[in-house]
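Structural characterization, general
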Amino acid sequence: MKSLLYTLCTFLIYFYAPANYTAYCAEQTAEALVKEFYAWYIAEDAKDEGIPENNDAIYNYVYICTVNKLRMNYKKGIISFNYFYQSNDFDSKEDTIYVAPKSIKVSDTISIVPIGYTKEISMVVFVQHENGQFRIIKVEDFNQEY
Amino acid sequence: MTKYSFWIYLLLFFLQTTICLADSRTAPKQTPEQFVRNFYQWYFEADKKSVADRNDEIFKYISPKTVEHIRSNIRGSDEYYVTKANSWTDAWTKVKIIVSKTIYMNNNVCLVPVTFNVEAEKYHVIVFVDKKNEGMRIIKIADLYPYS
């Protein structure tokens, strides 16, 4: 009886441990962060309570300097479009952002995540990995040159 | 007939290989990596003589809009657009250009990460290459620093 219990335990460990492990790892990726961020951002934007950049919860996803600079530039009127959509025509109540399933590492600390309004990729999100944390540092659009 | 068939086959074989070779030589397919490498090699070489940003050969590599932007900013910003470096020291004349694998984004645009080894320093940039118009053109060069 005891040996049966042991085998059962072994089986349980074998089957559950790797599953939990991969689930844990999947949360800690650049693409997962970008996906989470846009889900939060679009929902927040759809509430019509001012721009989500002013909500401090954005620090969970976006690098502190990037947020502060964006807030300042919005205040000064330097940016005339929504930075995270790179557009003014995005309807947060209807449209979504497609996030590519895999990020690409471009340096020791930086990965890029391709995104688009549909599966047609039109922007890249730069994600920094520092001190075990992933944070978005900027977005670059293909349609705007330079 | 069977007597000659071997020679005919052999002849056909040679004909085919020569045609194939000729074909691949007349239409060399340039990869975005090669394109970006050629650009930086040209740029650093041209810059030894005079400011490469002002050289009209730059239009072979960079889109007109982006060139306009680079030239209009030439004195205003303290950053070199194509290298994203703040200073130009003699060490840059011996720069080592490392071009990484192309990252394909959509039908038109791909990104090519480039690293410049200048003595012990490393500079990373991402070159945005567009092939929408005839041939490839660089539409943007981004650094890896936060939004500013």
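Note that the coordinates shown come from a computational prediction; the quantities given were computed from them, not determined experimentally.

Scoring rules and cut-offs
- Residues numbered from 1 in each chain as written.
- Chains lettered and ligands numbered in written order.
- Predicted model: local features only at pLDDT ≥ 70, side-chain atom pairs only at ≥ 80, totals over all residues.
- Heavy atoms only, no water.
- Helix = DSSP H or I, 4+ residues; strand = E, 2+ residues; numbered from the N terminus.
- Buried < 20%, exposed > 50% of the residue type's maximum accessible area, 1.4 Å probe, protein only.
- Areas by Shrake-Rupley, 256 points an atom, 1.4 Å probe, with all protein chains shown as cover.
- Patch = residues over 30% accessible without salt bridge, like charges linked within 9 Å, V, L, I, M, F, W, Y side chains within 5 Å.
- Salt bridge = Lys/Arg side-chain N within 4 Å of Asp/Glu carboxyl O.
- Contact = heavy atoms within 4.5 Å.
- Buried area = accessible area lost by both parts, 1.4 Å probe.
- Polar contact = N/O pair within 3.5 Å; in protein donor to acceptor, adjacent residues only side chain to side chain.
- Core = buried A, V, L, I, M, F, W, Y, C linked by side-chain atoms within 4.5 Å.
- pLDDT = per-residue confidence, 0-100.
- Pairing = 2+ DSSP bridges.
- Phe/Tyr/Trp six-rings, centres within 6.5 Å; stacked < 30°, edge-to-face > 60°.
- Lys NZ or Arg CZ within 6 Å of the ring centre and 35° of its normal.

**A look at the overall build of chain B**
Scanning chain B for helices and strands turns up three helices and five strands. Taken from N to C terminus, the helices and strands of chain B fall in the order α-α-α-β-β-β-β-β. The buried share among the 148 residues of chain B stands at 41%. Carbon and sulfur atoms form 54% of the exposed surface of chain B, whose accessible area is close to 9,500 Å².

**Considering a nonpolar patch on the surface**
A cluster of nonpolar side chains, namely B:Tyr4, B:Phe6, B:Trp7, B:Ile8, B:Tyr9, B:Leu10, B:Leu11, B:Leu12, B:Phe13, B:Phe14 and B:Leu15, defines an oily patch on the protein surface of about 1,200 Å² accessible area. Looking at where B:Tyr4 falls in the secondary structure, it is placed in helix 1 (residues 2–26).

**Details of the interface of chain B and chain A**
With 23 residues of chain B in contact, the opposing surface of chain A contributes 25 residues. Interface area, chain B with chain A, both sides summed: about 2,100 Å², of which 69% is carbon and sulfur. When the area that chain B buries against chain A is broken down by residue, the three leading residues are B:Met105, B:Lys140 and B:Tyr147, summing to 33%. Inspection of the region where chain B meets chain A yields two salt bridges. With a shortest N-O distance of 2.9 Å, A:Glu140 and B:Lys140 are connected by a salt bridge.

**Comments concerning the side chain of B:Asp143**
With respect to the helices and strands, the residue B:Asp143 is situated in strand 5 (residues 137–143). A polar side-chain atom of B:Asp143 sits 2.7 Å from a polar atom in the side chain of A:Lys138. A distance of 3.1 Å separates a polar side-chain atom of B:Asp143 from the backbone nitrogen of B:Tyr145. Setting aside chain neighbours within four positions, we find B:Asp143 in contact with A:Phe126, A:Lys138, B:Glu79, B:Lys84 and B:His124.

**Description of the nonpolar core**
B:Phe39, B:Tyr40 and B:Phe116 are the most contacted members of the largest nonpolar core, which has 34 residues in total. Counting residues per element, this core draws most heavily on helix 2 (residues 32–49) of chain B, at eight residues. Excluding residues that lie within four positions of it along the chain, B:Phe39 makes contacts with B:Ile58, B:Tyr61, B:Ile62, B:Val82 and B:Ile138. By size, the runner-up hydrophobic cluster in this structure holds 30 residues, among which are A:Ala30, A:Val34, A:Tyr61 and A:Val62.

**What to know about unusual backbone geometry**
A positive phi is found at A:Gln86, a non-glycine position, where the angle reads about 55°. Mapped onto the fold, A:Gln86 is located in the loop between helix 3 (64–76) and strand 1 (98–99). The class of A:Gln86 is buried, set by a relative accessible area of 12%. A positive phi angle, near 50°, is found at B:Glu119, a position not held by glycine. Checked against the element boundaries, B:Glu119 lands in the loop between strand 3 (109–118) and strand 4 (121–130). Overall, B:Glu119 belongs to the exposed group, its relative accessible area being 70%.

**Re the confidence of the model for chain B**
The predicted structure's coordinates, where accompanied by low pLDDT, should not be read in detail. Residue and element names in this part refer to chain B. For chain B, the mean per-residue pLDDT works out to 86, and 86% of the residues sit at or above 70. Across chain B, strand 1 (residues 96–99) holds the top mean pLDDT of 96, while helix 1 sits lowest at 70. For this predicted complex, the interface confidence comes out at an ipTM of 0.79, alongside a pTM of 0.80.

**Description of the pairing of strand 4 (residues 123–130) of chain A**
Within a regular beta strand, the side chains point alternately toward one face of the sheet and then the other, so they alternate between its two faces. Residue and element names in this part refer to chain A. Of all the eight residues making up strand 4, six are buried; the element is thus mostly covered by neighbouring parts of the structure. Here strand 3 (residues 110–116) runs beside strand 4; their pairing, made up of six bridges, is antiparallel. Across the sheet, residue Ile-115 finds its bridge partner in strand 4, namely Met-123. Connecting the antiparallel pair strand 3 and strand 4 is a turn made up of six residues. In the sheet, strand 4 pairs with strand 5 (residues 133–141) via eight bridges, with the strands oriented antiparallel. Counted as the bridge partner of His-129 is Phe-134 from strand 5. Turn length for the strand 4-strand 5 hairpin, with the two strands adjacent in sequence and antiparallel, is two residues, and the turn residue Asn-131 shows positive phi of about 50°.

**Here's the deal with the packing of aromatic side chains**
We describe a pair of aromatic rings using the distance from one ring centre to the other and the angle between the two ring planes. All chains considered together, the criterion is met by 28 aromatic pairs over all chains. Each residue in the set A:Phe37, A:Tyr38, A:Trp40, A:Tyr41, A:Tyr61, A:Tyr83, A:Phe84, A:Tyr85, A:Phe90, A:Tyr117 and B:Tyr147 is aromatic and connected to the rest through ring pairs, giving one cluster. Here B:Lys84 stacks its cationic end above the ring of B:Tyr81, 3.9 Å away from the centre of that ring. Over the face of the ring belonging to B:Phe128 we find B:Lys140, whose NZ or CZ atom lies 5.6 Å from the ring centre.

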